[in-house]
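Examination of the molecular architecture
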Amino acid sequence: MGNETSDRELVQRVQQGDRRAFDILVARYQHKIIKLVTRYVRDPSEAMDVAQEAFLKAYRALPGFRGESAFYTWMYRIAINTAKNYLVAAKRRPVDYDLDLQDPDQYEMHGRLKDTDTPEHMVLTEEIRQTVNQAIEELPDDLRTAIVLREVEGMSYEEIATAMECPVGTVRSRIFRAREAIDRQLKPLLD
Amino acid sequence: MTAHDPSPTREQLSALLDGELPAPEVDLALRRVTRDPELRATAIRYCLITDVIRGDLPTHCSLDLVDRVAQSMDSEPEPAAATVATPPAATAPASAAGRWARRLGGLAVAASVAGLAIVSLQTGDPENASQPELVVVPDAAVPAPAFAQPRSIARSAGNPDRLVSYYVSHVERVAPVGVQTGFSRIVMSEERVSRPREAERDSEAERREDKPE
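Described below are features of the structure shown in this document. Treat the numbers as computed from the prediction; the structure is a model and nothing was measured. Residue numbering note: each chain is counted from 1, following its sequence as written. Chains and ligands are labelled by the order in which they are written, letters from A for the one and numbers from 1 for the other. Local features in this predicted model are restricted to residues whose pLDDT is 70 or higher, and side-chain atom pairs enter the listing and the counts only when it is 80 or higher, whereas totals over whole chains, interfaces and linings include all residues. To get the side-chain values, take all heavy atoms of the structure and skip hydrogens and water.

Broken down by element type, chain A carries nine helices and zero strands. The way it works is that DSSP assigns letters per residue, a run of H or I at least four long becomes a helix, a run of E at least two long becomes a strand, and they are numbered from the N terminus. Shown N-terminal to C-terminal, the secondary structure of chain A runs as helices and strands in the order α-α-α-α-α-α-α-α-α. For every residue, the accessible area (1.4 Å probe, protein chains only) is compared with the maximum for its type, and the residue is labelled buried under 20%, exposed over 50%, or partly exposed between those bounds. For chain A, buried positions account for 52% of its 191 residues. Of all intrachain contacts in chain A linking residues separated by at least 6 positions in sequence, the fraction that spans at least 24 positions is 58%. Residue exposure ignores everything except the shown protein chains as possible cover, and the areas themselves are Shrake-Rupley values with a 1.4 Å probe. Split by element, the accessible area of chain A, about 9100 Å² in all, is 49% carbon and sulfur. By the convention used here, residues are in contact when the closest approach between their heavy atoms is within 4.5 Å.

Here you go:
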């Protein structure tokens, strides 16, 4: 809904030559794309490479993107194709696109950790998750409700305003303050 | 609020990422976020927060993919099809327009022969004849080939000798090896002759333009 609007604006900026606008699109979809790619390429570091390649392909093809579908839908297809091509190029069985982790052979082939998938990485991911969740728990009720309605329920500011019986401007401010409060705890972890 | 207080900008960023920023503010906010590294970093963290709340964070969280992609983008040229969105004539600088005119003049004979050939093709095979109009890159409906296509398509779309190129590539595709039609022989030879001449003319003209008045 809302994301599509700002995606369109960002895409237009990239098409006008503003490369940095693409960073925001990458930031917005990187984890979804990595999760998607990981269904095909189990190794986390390889999945990261494939995700990077997929974004690059999207960037190169973006001038021809006419916005007939949502950016994410388009990006999603590019990522799937990149992952499939990667497997073919790596001479791996081009998978029955739903790898089963319970299958010991497949697990052996795709599931082993590489050096880059260090326990530190996984610990950091878990720390990020805990920090954000903890910060949400500590939010005042009105801020927590606003951010949850937005992020979990996907409601628009107007819908949230109706649900919380307050002006749209208040919703915008509450969501922002919630993000700032979470960000204050998250930032030191990433610096 | 003072000018040093980042909150108004960050609040704009928050609303922007939600697609809830009023239209008149969007352009300015986007310009800020793409030019201010601190604001960009904040945007990335806001997106990370969203991913955590929505459960989209993978087990192996990426913290540097944005930078990796950005670095790769910076190390390659602008996407070649960037002019597809706007008509080349509207965006081309004046000197390029002059070059265009020269190229057009230089290729008048080749283009007219090719045009004749196209007319002939249209009569014979209307489906193939419509192909030069496919200027816009197909999007992800067929994503794999779409990556390879934009540059060549863009070149032919913004090029005065696109009719010749089209005809040559058409012949390459449809004619069996070693077999050329009369038209193809004319166009091919015209193409071979006109390209070096055209390049010569261009470089000569550029040399003249470079000389101080």
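Let us keep going from here.
Once that is clear, we can look at the side chain of S14 of chain B. Tracing the sequence through the fold places S14 of chain B in helix α1 (residues 7-17). Setting aside residues up to four positions removed in sequence, S14 of chain B forms contacts with Y157, I175, F176 and R179 of chain A together with Y46 of chain B.

On to the environment of P63 of chain A, then. Here P63 of chain A shows up in the loop between α3 (44-61) and α4 (71-89). Taking the C-alpha atoms as reference, P63 of chain A lies 8.7 Å from Q16 of chain A; in sequence the two are 47 residues apart.

Only buried Ala, Val, Leu, Ile, Met, Phe, Trp, Tyr and Cys residues count toward a nonpolar core, and they belong to the same one when joined by side-chain atoms within 4.5 Å. Counting 83 residues, the largest nonpolar core has F22, I33, F55, F71 and V132 of chain A as its most contacted members. Here the element with the most residues in this core is helix α2 (residues 20-38) of chain A; it accounts for 11 residues.

Listed as interface residues are 70 residues of chain B and, on the opposing side, 75 residues of chain A. Summed over both partners, the accessible surface that disappears when two parts come together, traced with a 1.4 Å probe, is what is meant by buried area. When chain B packs against chain A, close to 6900 Å² is buried across both sides, 60% of that on carbon and sulfur atoms. A pair is scored as a salt bridge if a Lys or Arg side-chain nitrogen falls within 4 Å of a carboxyl oxygen belonging to Asp or Glu. Our count for the contact surface shared by chain B and chain A stands at 13 salt bridges. The salt bridge partner of E25 of chain B is R172 of chain A, with a shortest N-O separation of 3.9 Å. Whenever a nitrogen or oxygen atom comes within 3.5 Å of another N or O atom, the pair is scored as a polar contact, on the condition that within protein one atom can donate a hydrogen and the other can accept it, and that pairs from neighbouring residues in sequence are kept only if both atoms are in side chains. Inspection of the region where chain B meets chain A yields 25 residue pairs in polar contact (both at pLDDT 80 or more).

For the rest of this paragraph, the subject is the packing of aromatic side chains. Pairing of aromatic rings covers Phe, Tyr and Trp, the last counted by its six-membered ring, and requires centre-to-centre distances within 6.5 Å; plane angles under 30 degrees mean stacked, over 60 mean edge-to-face, and any other angle means tilted. Throughout the structure, instances matching the rule amount to eight aromatic pairs over all chains. Here F65 of chain A and W74 of chain A contribute two aromatic rings whose centre-to-centre distance is 4.6 Å and whose plane-to-plane angle is 35 degrees, an arrangement assigned as tilted. Ring geometry for F71 of chain A versus W74 of chain A: centroids 5.9 Å apart, planes at 50 degrees, classification tilted. With F71 of chain A and W74 of chain A both in helix α4 and three residues apart, this pair spans about one turn of that helix. There is no split in this pair, since F71 of chain A and W74 of chain A are both buried. Through pairs of rings, three or more aromatic residues link up here, namely Y29, F65, F71, Y72, W74 and Y76 of chain A. By definition here, charges over rings are those cases where NZ of Lys or CZ of Arg is within 6 Å of the ring centre and within 35 degrees of the ring normal. Looking at K32 of chain A, its charged tip hangs above the ring of Y72 of chain A, at a distance of 4.7 Å from the centre. Over the aromatic face of Y46 of chain B sits the side chain of R179 of chain A, whose NZ or CZ is 5.9 Å from the ring centroid.

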